[in-house]
Amino acid sequence: MSSPTTGKFQQWFKQYKTWIMNNPQGASEMEAFVKWGSYILAGRLKHSTLLCEIVYSGSRLFELFNDFLIKGTLPQLSIHSADRLKVLLTVLEYVEVLVEVAAVQLWGETGRWAVVTLIQTAKCIGRFFLLLRHKTHIVPSPPIKPLDRRAAVKSGREQQMFLGQGNGPEVMRLPRSGRVMRTLAGAPPTNQRIFTPPCPPNNNMDEPIKSRVLPTSHLVAEVMHVLRPMCHLGSMYLFGQQAWTPWILSLGMDVTSLRLYSEANLTTTEKLELAHRRINLLYYLMRSPVFHTVTHKRIQYLLATLSRRVPLARMVCVPLMEYIPQWQKIYAYTWS
């Protein structure tokens, strides 16, 4: 028998879930407010780095939790193993920087690099399972992307209209012609009626075809992409953090991986992921040794110029100039 406290919690949870479903934009604004709080705190307190990562990681996990509520399901241990693995990898990507920052404060630089190696090894093994065992042709980062909430809520409402709730469906398909029409019960009030025909929900527009066989070059390309963080860490251990060899090796693997793909055999979602990877090549400008020899000087010059010539810009530019080296030291090796 459930206690009164459990009953109240279940009631509050149900009310919160209803509010999330009815106000996806409000939930996104609430998450953005928490996320921006981590940027505002940066460099303003003694342990601001750890505090910022706690706030930021919490906001990402909060966003993931709300996405599951909008989807109408929560990650459970009984779901398919591939989905469970995607949830674990997504959570790991959201908290990896927090764990790294905590390791630095607890165990110093040695502990930091040990934690970075463990995290990247776990991510590499998990991605190989998705790639080889569960036949995920392109493993995105993170494996579970943030939900397009407006589209999801709209799709859910269309699904309710088509399948029906309570007194029957609000939309029906004529048996002979296949035409989709609203029922009398599904007609909105007179002042809210529109005369566009209803569309049945289609939730599988871009699902990859599991039976398709991709070229061997695609498999080689994705293996290179998965192994890239480990090769970068291994070469840094051999040649040093400021050596050019790790930078050239990882960039070469990235470019070669992208060149091996043929977009003719990919879905729209997979093409978008490849486009995202191409944009991420700019991130190499923030990795050592390019950052310390080229990028940092240009950024410092730009921010210093803006702080002198633009009114009130100094309030933003000076903290950025002080925090960017710390940011680069933390984020340049996460590969997320």
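Residues numbered from 1 in each chain as written. Predicted model: local features only at pLDDT ≥ 70, side-chain atom pairs only at ≥ 80, totals over all residues. Heavy atoms only, no water.

Caption draft 1: Inspection of a nonpolar patch on the surface at higher detail. Taken together, the side chains of Leu312, Met315, Val316 and Leu320 define a hydrophobic patch exposed on the protein surface, amounting to about 440 Å² of accessible area. For Met315, the location among the structural elements is in helix H10 (residues 314-331). (Patch = residues over 30% accessible without salt bridge, like charges linked within 9 Å, V, L, I, M, F, W, Y side chains within 5 Å. Areas by Shrake-Rupley, 256 points an atom, 1.4 Å probe, with all protein chains shown as cover. Salt bridge = Lys/Arg side-chain N within 4 Å of Asp/Glu carboxyl O. Helix = DSSP H or I, 4+ residues; strand = E, 2+ residues; numbered from the N terminus.)

Caption draft 2: The arrangement of the side chain of Arg277 in detail. Within the secondary structure, Arg277 sits in helix H8 (residues 268-279). Accessibility expressed as a relative area gives 5% for Arg277, which makes it buried. One polar contact links Arg277 to Glu222, side chain to side chain, over a distance of 3.0 Å. In contact with Arg277, not counting residues within four places along its chain, are Ile138, Val139, Glu222, His225, Leu258 and Tyr261. (Buried < 20%, exposed > 50% of the residue type's maximum accessible area, 1.4 Å probe, protein only. Polar contact = N/O pair within 3.5 Å; in protein donor to acceptor, adjacent residues only side chain to side chain. Contact = heavy atoms within 4.5 Å.)

Caption draft 3: Fine view of the packing of aromatic side chains. Evaluated as defined, the whole model comprises six aromatic pairs. Between the aromatic rings of Trp247 and Tyr284, the centroid separation amounts to 6.0 Å while the plane-to-plane angle is 90°, which identifies the pairing as edge-to-face. Note that Trp247 is positioned in helix H7 (residues 244-260) and Tyr284 in the loop between H8 and helix H9 (290-309), a separation of 37 residues in sequence. Summarising the burial analysis for this pair, Trp247 and Tyr284 share the class buried. A connected cluster of aromatic rings, assembled from ring pairs, spans Phe9, Phe13 and Phe65. Above the plane of the ring of Trp113 lies Arg112, whose end atom (NZ or CZ) is 4.6 Å from the centre. One Lys or Arg, Arg287, reaches over the ring of Tyr284 and ends 5.5 Å from the middle of that ring. (Phe/Tyr/Trp six-rings, centres within 6.5 Å; stacked < 30°, edge-to-face > 60°. Lys NZ or Arg CZ within 6 Å of the ring centre and 35° of its normal.)

Caption draft 4: Summary view of empty space enclosed by the protein. What the rule picks out here adds up to one cavity of 30 Å³ or more. Its volume calculated, the largest cavity comes out at about 30 Å³. If you trace the largest cavity, you find it lined by Glu63, Leu64, Asp67, Tyr94, Ile144, Lys145 and Pro146. The element contributing the most residues to the lining of the largest cavity is helix H3 (residues 48-71), with three residues. In terms of residue class, the lining of the largest cavity is made up of four nonpolar, no polar and three charged. (1 Å grid on protein atoms, 1.4 Å probe; cavity = no way out; pocket = protein on both sides within 12 Å on 5 of 7 lines; lining within 4 Å. Points joined across faces, edges and corners; volume = space filled by probe spheres on them. Nonpolar A, V, L, I, M, F, W, Y, C, P; charged D, E, K, R; others polar.)

Caption draft 5: View of the packing of helix H6 (residues 216-239) against H7. It is at 8 Å that the axes of H6 and H7 come closest, and there the two elements cross at 175°. The angle between the axes of H6 and H7 places the two elements in the roughly antiparallel class. Counted by class, the contact of H6 with H7 contains 12 nonpolar, nine polar and three charged residues. (Axes fitted to C-alpha atoms, helices over the stretch in contact; angles between N-to-C directions. Parallel < 35°, antiparallel > 145°, perpendicular 65-115°, else oblique.)

Caption draft 6: Region of interest: the environment of Tyr284. A residue is classified by how much of its surface remains accessible, and Tyr284, at 3% relative accessible area, is buried. Separated by 11 residues in sequence, Tyr284 and Thr295 place their C-alpha atoms 10.0 Å apart. Setting aside its immediate chain neighbours within four residues, Tyr284 contacts Arg228, Trp247, Ser250, Leu251, Asp254, Val290 and Trp335.

Caption draft 7: Geometry of the packing of helix H1 (residues 4-22) against H3. Between H1 and H3, whose axes approach to 9 Å, the crossing angle comes to 85°. Taken together, the axes of H1 and H3 are roughly perpendicular relative to one another. The residues of H3 that touch H1, namely those facing Phe13, Tyr16, Lys17, Ile20 and Met21, are Phe62, Phe65, Asn66, Leu69 and Ile70. Across the contact of H1 with H3, the residue classes tally to eight nonpolar, one polar and one charged.

Caption draft 8: Seen up close, the state of the cysteines. Tallied over the entire structure, the rule returns zero disulfides. The thiol of Cys124 is unpaired, and the distance to the nearest cysteine sulfur, on Cys231, comes to 8.4 Å. Residue Cys124 is classed as buried on the basis of its relative accessible area of 9%. (Disulfide = S-S within 2.5 Å.)

Caption draft 9: Examining the pattern of salt bridges more closely. Tallying each qualifying case throughout the model produces 11 salt bridges. Among the salt bridges present, the one from Arg60 reaches Glu63, with a minimum N-O distance of 3.5 Å. Of this pair, Arg60 and Glu63 both sit in helix H3, three residues apart, which is roughly one turn of the helix. Across the pair Glu273 and Arg277 runs a salt bridge, and its minimum N-O distance is 3.5 Å. Note that Glu273 and Arg277 are positioned in helix H8 at a spacing of four residues, about one turn of the helix. Accessibility classification places Glu273 together with Arg277 in one group, the buried group. Where salt bridges share partners, they join Glu100, Glu109, Arg112 and Lys329 into one cluster.

Caption draft 10: Expanded view of unusual backbone geometry. The linkage connecting Ser141 with the following residue, Pro142, adopts the cis geometry, with an omega of 0°. Tracing the sequence through the fold places Pro142 in the loop between helix H4 (81-133) and helix H5 (149-163). Here the residue pair Ser288 and Pro289 is connected by a cis peptide bond, since its omega of 5° sits within 30 degrees of zero. Secondary-structure assignment places Pro289 in the loop between H8 and H9. Backbone geometry at Leu312 places phi at a positive 65°, although glycine is not the residue there. Here Leu312 shows up in the loop between H9 and H10.

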